[in-house]
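Listed below, chain by chain, are the residues.
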Amino acid sequence: MSNIFVDDKVPTSTLLELKAGEAINNNHLAGVIKQIDITETDEFLMFRFVLAQGEIEVRKLKQVC
């Protein structure tokens, strides 16, 4: 199983493709995704990846054209 690195520099499209059961890490925490919550505001998308041993949050600013 590959371990996917996630942070605020990872493309939003990649974050949206992640699914429960995939392994992720952010250099501080690593684990298998149990649940994904996505919150949207006018300024950003907040991805919360719930792992067995904690959570990884990634905040992505929305692109304004």
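In what follows, the accompanying structure is described.

What counts and how
- Residues numbered from 1 in each chain as written.
- Predicted model: local features only at pLDDT ≥ 70, side-chain atom pairs only at ≥ 80, totals over all residues.
- Heavy atoms only, no water.
- Salt bridge = Lys/Arg side-chain N within 4 Å of Asp/Glu carboxyl O.
- Buried < 20%, exposed > 50% of the residue type's maximum accessible area, 1.4 Å probe, protein only.
- Phe/Tyr/Trp six-rings, centres within 6.5 Å; stacked < 30°, edge-to-face > 60°.
- Lys NZ or Arg CZ within 6 Å of the ring centre and 35° of its normal.
- Helix = DSSP H or I, 4+ residues; strand = E, 2+ residues; numbered from the N terminus.
- Contact = heavy atoms within 4.5 Å.

### Observations regarding the pattern of salt bridges
Move 1: Inspection of the entire model under this criterion finds four salt bridges.
Move 2: With its nearest N and O atoms 3.8 Å apart, the salt bridge here joins D8 to K9.
Move 3: On the basis of relative accessible area, K9 is assigned to the exposed category, the value being 70%.
Move 4: Via salt bridges that share partners, D37, R48 and E55 belong to a single interconnected network.

### Description of the packing of aromatic side chains
Aromatic rings considered in pairs are described by the distance between their centres and by the relative angle of their planes.
Move 1: Evaluated as defined, the whole model comprises one aromatic pair.
Move 2: Taking 6.2 Å as the distance between ring centres and 10 degrees as the angle between the ring planes, the aromatic pair formed by F47 and F49 counts as stacked. Each member of the pair F47 and F49 is classed as buried.
Move 3: Across from the ring centre of F44, 3.9 Å away, lies the NZ or CZ of R59, which sits over that ring.

### Some remarks on the environment of F49
Move 1: Along the chain, F49 turns up in strand 4 (residues 44–51).
Move 2: On the accessibility criterion, F49 (0% relative accessible area) is buried.
Move 3: The spacing of F49 and I36 is 13 residues in sequence and 4.7 Å in space, taken between C-alpha atoms.
Move 4: The contacts of F49, once residues within four sequence positions are left out, are L15, L18, I24, I33, Q35, I36, G54, E55, I56 and V58.

No statement about biological role is implied by the geometric values presented.
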